[in-house]
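Analysis of the macromolecular model
Residues per chain are reported as follows:
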Amino acid sequence: MIRLRFPIRFKILLTLLLVSSAVVGVITFTMARLFHTDKTAYIHDLTSVIALHTAEEANALLRGYGERLQMFAQIMNDQDMQEEQKSALIQKMFESFPDFMAVTLYQDGKEKASVYDAKSFVDRGVFLKDVTADRAAHPLPLAAIIKGQSWVENSTLSEKLPMLTFAIAVSLPDGQKQVASAVIDLEGLLNLASRSGAFETFLVDAQGRLLAHTNLKQVVQRATANWIPRLQALRDQQSLGTTLEYKQQGVDMVGGFARVDTGGLLAGVQIPQSAAFLTARELLQDLVWVALILLLVSALIGMLGSGLITRPMERLSEAAKVVATGQFDVQVKARSHDEMGDLAG
């Protein structure tokens, strides 16, 4: 029967490597897990904060649009102003507020009056008849707006002229209400969506369509944000911000969302988890390399250390074999001041 013989040096080296591997593995795993947990919390907080800031800026911009729209409505409803004076003042309003391209008043469910800045449409290659036809195909919810609900929707017809429709209820001097609607250039909201280079930023209107997005083509196509889980619940939420993890076309994403009070919009930012946790993976790779280096150093030290222990034992073993042959004048020099040295002496 063959017996395998394992030298003491090998046993010591193996034990040292096993202990070192266990210690290094535990340290590496613990550090990687703690860093990943901290990184996850940081990304969640960051996406939520960016979404909140985007929502606040979008809300402030829309409130400004509302104030200007009320000014347009007040001038258009002024019965004491002469038509020439009214036309001149409206023209100055369009010049002062270049974002505004058209304003329409509705009363009793019907269009009452409309004013246009024809030059702003012509310069962008958009025809008024196309704008009118699009509005006829997508009528405003006048009854809901009269009750006080502001309305914001994507009305883009051309990549050259991204635009939105913004509608609010305005009060007349006699107490009646009418709906004031404006066609507005989307540039202001698109600038909000294009600020971040790392995050994909967007605004979703009440119909679930993208109102502003880092990718302009999705705005032009009036694409729906169907990848966002619980979209309606997010739009109706009263909390400051929410962070979710979900999949978009098979890609794991981290997204932050916040409600925009004006128009019931939803502001969102998202980033692929692979990009968000890139530094965590790099740290893990660095830790693995450090662990391998530590194991190599441990192996080298183990080989040297085990040699210091086993060499005196090997010399004593050789001396014992000589004594067994009857030669008793064998001497082993004690080179260490420990138990092995005492045994050799």
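**Let's talk about the confidence of the model for the protein chain**
Per-residue confidence for the protein chain averages 82 on the pLDDT scale, and 75% of its residues sit at or above 70. Per-element confidence in the protein chain ranges from a low mean pLDDT of 56 for helix 11 (residues 339–344) to a high of 95 for strand 5 (residues 177–185).

**Looking at the sheet that holds strand 4 (residues 163–171)**
Reading across the sheet, the 5 strands line up as 2-1-5-4-3 and stay open at both edges, with antiparallel pairing between neighbours. The sheet is open, and its two edges are formed by strand 2 (110–116) and strand 3 (151–154), each paired on a single side. Neighbour-to-neighbour, the strand axes of the sheet open up by a mean angle of 20°, direction not taken into account. In the sheet, strand 1 (residues 100–107) pairs with strand 5 via 6 bridges, with the strands oriented antiparallel. Each residue of the ladder has a partner; that of T104, found in strand 5, is S181.

**Description of the side chain of N77**
When you line up the elements, N77 lands in helix 1 (residues 8–77). Since its relative accessible area comes to 14%, N77 is described here as buried. With residues near it in sequence (within four places) discarded, N77 still touches L105, K112, L172 and Q178.

**Here's the deal with the pattern of salt bridges**
Across all of its chains, the model carries 8 salt bridges by this definition. K86 is paired through a salt bridge with E83; the nearest N and O atoms lie 4.0 Å apart. Placement of the pair is K86 and E83 together in helix 2 (residues 83–96), with a separation of 3 residues, close to one helical turn. E83 sits in the exposed class, given a relative accessible area of 56%. As a salt-bridge pair, D185 and R124 come within 3.0 Å of each other at their nearest N and O atoms. With D185 in strand 5 and R124 in the loop between helix 3 (118–122) and helix 4 (128–137), this residue pair connects regions lying 61 residues apart in the sequence. Overall, D185 belongs to the buried group, its relative accessible area being 6%.

Definitions and limits used
Residues numbered from 1 in each chain as written. Predicted model: local features only at pLDDT ≥ 70, side-chain atom pairs only at ≥ 80, totals over all residues. Heavy atoms only, no water. pLDDT = per-residue confidence, 0-100. Helix = DSSP H or I, 4+ residues; strand = E, 2+ residues; numbered from the N terminus. Pairing = 2+ DSSP bridges. Axes fitted to C-alpha atoms, helices over the stretch in contact; angles between N-to-C directions. Buried < 20%, exposed > 50% of the residue type's maximum accessible area, 1.4 Å probe, protein only. Contact = heavy atoms within 4.5 Å. Salt bridge = Lys/Arg side-chain N within 4 Å of Asp/Glu carboxyl O.

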